[in-house]
Amino acid sequence: MSQMLILAAGGKENPLVPPIPELVIGLLAFVIVFGFLAKKLLPNINKVLEERREAIEGGIEKAEAAQTEAQSVLEQYKAQLAEARHEAARLRQEAQEQGAALIAEMRAEGQRQREEIIAAGHTQVEADRKAASAALRQDIGRLATDLAGKLVGESLEDHARQSRVIDRFLDELEEKAEAAR
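Residues numbered from 1 in each chain as written. Predicted model: local features only at pLDDT ≥ 70, side-chain atom pairs only at ≥ 80, totals over all residues. Heavy atoms only, no water.

**Some points on a nonpolar patch on the surface**
Right, so step 1: A cluster of nonpolar side chains, Val33, Phe36, Leu37, Leu41, Leu42, Ile45 and Leu49, forms an exposed patch at the surface whose accessible area comes to about 620 Å².
Right, so step 2: Positionally, Leu41 belongs in helix α2 (residues 20-152).
Right, so step 3: Note on Leu41: relative accessible area 40%, which makes it partly exposed. (Patch = residues over 30% accessible without salt bridge, like charges linked within 9 Å, V, L, I, M, F, W, Y side chains within 5 Å. Areas by Shrake-Rupley, 256 points an atom, 1.4 Å probe, with all protein chains shown as cover. Salt bridge = Lys/Arg side-chain N within 4 Å of Asp/Glu carboxyl O. Helix = DSSP H or I, 4+ residues; strand = E, 2+ residues; numbered from the N terminus. Buried < 20%, exposed > 50% of the residue type's maximum accessible area, 1.4 Å probe, protein only.)

**A short note on the confidence of the model for the protein**
Right, so step 1: Per-chain confidence: the protein averages 84 in pLDDT, with 87% of residues scoring 70 or above.
Right, so step 2: Across the protein, the element-wise mean pLDDT spans from 52 in helix α1 (residues 2-8) up to 89 in α2. (pLDDT = per-residue confidence, 0-100.)

**Section: the packing of aromatic side chains**
Each aromatic ring pair is summarised here by two numbers: the centre-to-centre distance and the angle between the ring planes.
Right, so step 1: Enumeration over the complete set of coordinates arrives at 1 aromatic pair.
Right, so step 2: For the ring pair Phe30 and Phe34, a centre distance of 6.0 Å and an interplane angle of 20° mean the geometry is stacked. Of this pair, Phe30 and Phe34 both sit in helix α2, 4 residues apart, which is roughly one turn of the helix.
Right, so step 3: With a relative accessible area of 55%, Phe30 lands in the exposed category. (Phe/Tyr/Trp six-rings, centres within 6.5 Å; stacked < 30°, edge-to-face > 60°.)

Laid out in structure tokens, this is it:
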């Protein structure tokens, strides 16, 4: 066959067609190298590729699991936040109610104290009025007795008589004051 190729090429050897012994040696070397690669290197490459594939798939699964867990935690936090807001609103409402009750209680206490102070003031004014009335009655009685003694020309030192005269005089003054009103 190679001779035919040589003849077809015009008597010259074709540089593109290798000689048969070289082709056989090359083919044997290729089969040996391919067999070595298929037996030794290819399983290692497949093993590494499989480990990589598993790592990637495992990483994706882990990422999905982590994302699911993160979503679950986020929902829990949102629920806790909503609950905390609700609790804060409830506490704020209770504080407002307690504040209103305290204000009402303090107003009632203030009203009660004011009424006690006013009552004590009225009592004190009444006591002072009675004391002033008694003091004025004595002073007016003494002055009336002195004046009556000067008019009559004799001394009205008798205490019982003096008391009757003073009472009669003051009663007349009170009647005139009430009639004038």
